[in-house]
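An overview of the molecular structure
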Amino acid sequence: MYSSKITGLGSYVPDRVVTNEELSTLMETSDEWIQERTGIKERRWVDEGSGDTSATMGAKAAKIAIERAGLTKDDIDFIIFATLSPDMYFPGCGVQVQDILEMPTVGALDVRNQCSGFVYSMSIADQFIKTGMYKNILVIGSEYHSGGLDLTTRGRSVSVIFGDGAGAAVLSRSEDTTKGILSTHLHSEGKHAKELTVEGPSIAHWVPEILEENDPNDTSYYPYMNGTFVFKHAVLRFSQAIIEGLKTNNLEASDIGMLIPHQANLRISQFVQKKFGLNDDQVFNNIQKYGNTTAASIPIALTEAWEKGKIKDDDIVVLAAFGSGFTWGSVIIKW
Ligand code: UT7
């Protein structure tokens, strides 16, 4: 058996900064409401005409991660791409990245697990590496939310939260099984699928509706979220995923060197921090600058925490996510 080690990290966010003030010119909202309820001050949105998409942003983040791993695109054995905002209904963004980066004909897999997408992808990559099947796997989380949000007051409870961006990691085979990914933990509860969803495009909300006259009251193409319901489940499931990961490895909360929670809402991260008695140096948040970037939030935050020197050799790093599905999970790493 081998162990999977993160050997490279990279991120990319669009240049365009969208402040809460700017949003308040589009819909009835305010900087005060957004900051108080979510912690978000600004987010990045793709600039029209920039050519940025989930696939291209993912490719930019991936290029950095591959370089930092000291590898070339030809060393990558497998691509995993997590997104809820793919460029196309099909095929997935993984093959697009392969094309953009001119990679060889290795396998490419898209993961549709929303905010938990990166955690799921890391777990999949870990299984392939541990068993010896692959040596270097590129894992990407990337989202282009802004093109699909309801920017009227009707959609404000969701639209103010989401941001665009991408993060990537290279996982590589290591013979030192005392370090790297120690364990991963995945869960889902499909009965809550409709509490956080975009129904269209789908077979039910696709050809028939597109062919019909565009109905301004049709919200099936916009994200819907039962916010308070999701919030309550988030705080519970985040905590459970972390406890499960710690217990599996005989660790205590005090052993955590760095917790990178999916950046869903600063209040959720603060709740989790308090519950586990973690100090500010043990948790990394950057939702204030980027909003909720769904599958990209953990790799963007992990990259930034690492770039700032906040993750040190031998640290226990915990990644935890919760989101639509519902899906949730954690990754426990010894750096
Ligand atoms: O990333 C995947 C997982 N996602 C999450 O975990 C997110 C979980 N949920 C949340 O983060 C929060 O529920 C939200 C940030 C989405 C909403 O915050 P909330 O404190 O739950 O607010 P609410 O939905 O209960 O709305 C409170 C009030 C309502 O007005 P009334 O009915 O009290 O008059 C809303 O209409 O705030 C109103 N409101 C807004 N006001 C100004 C909702 N959105 C806005 C807005 N600006 N953007």
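Please refer to the structure higher up on the page.
Residues numbered from 1 in each chain as written. Predicted model: local features only at pLDDT ≥ 70, side-chain atom pairs only at ≥ 80, totals over all residues. Heavy atoms only, no water.

Points about the site of the ligand
Here is the rule we go by: The near set for a molecule or strand comprises every residue that places at least one heavy atom within 4 Å of it. Any pair of N or O atoms that falls within 3.5 Å is considered a polar contact. Within protein, one atom must be able to donate a hydrogen and the other to accept it, and sequence-neighbouring residues count only if both atoms are side-chain atoms. Residue-level accessible areas treat just the shown protein chains as cover; the underlying method is Shrake-Rupley with a 1.4 Å probe. Helix and strand definitions follow DSSP, with helices as H or I runs of at least four residues and strands as E runs of at least two, each counted in order from the N terminus.
Lining the immediate environment of the ligand, one finds 25 residues, of which Thr29, Arg37, His262, Asn265 and Asn292 sit closest. Between Asn265 and the ligand, the recorded distance is 2.6 Å, taken from a side-chain N or O atom to an oxygen atom. Here an oxygen atom of the ligand and a side-chain polar atom of Asn292 are 2.8 Å apart. Out of a free accessible area of 950 Å², the ligand has 73% covered by protein chains. Elements with a contribution of two residues or more to the shell around the ligand: helix H2 (31-38), helix H6 (156-159), helix H8 (227-248), helix H9 (266-275) and strand E12 (316-323).

Observations concerning the sheet that holds strand E4 (residues 78-82)
Using the following cut-off: In this description, strands pair whenever DSSP reports at least two bridges between them. Between N-to-C directions, angles cover 0 to 180 degrees, with each direction set by a line fitted to C-alpha atoms, over the stretch in contact for helices. Contacts are assigned to residue pairs with any non-hydrogen atoms lying within 4.5 Å of each other.
Spatially, E1-E7-E6-E4-E5 is the arrangement adopted by the five strands of the open sheet, whose pairing is mixed. Every other strand in the sheet has two partners, leaving strand E1 (3-12) and strand E5 (107-111) as the edge strands with one partner each. Along the sheet, successive strands turn relative to each other by an average axial angle of 20°, direction set aside. Sheet topology places E1 next to strand E7 (residues 165-174); nine bridges connect them, and they run antiparallel. Each bridged residue has a counterpart across the sheet, and for Ile6 the counterpart in E7 is Leu171. Contacting E1, E4, strand E6 (136-143) and E7, helix H3 (residues 54-68) runs over the sheet at an angle of about 125° to E1. Each of E1, E4, E5, E6 and E7 touches helix H5 (residues 117-130); the most contacted strand, E6, lies at about 170° to it.

Looking at the side chain of Ser297
Filter applied, for reference: Partly exposed residues are those whose accessible area sits between 20% and 50% of the maximum for their type, while under 20% is buried and over 50% is exposed, using a 1.4 Å probe and protein chains only.
When you line up the elements, Ser297 lands in helix H11 (residues 297-307). For Ser297, a relative accessible area of 2% corresponds to the buried category. Looking at Ser297, its side chain comes within polar contact range of the side chain of His262, at 2.6 Å. With near-sequence residues (within four places) excluded, Ser297 lies in contact with His262 and Gln263.

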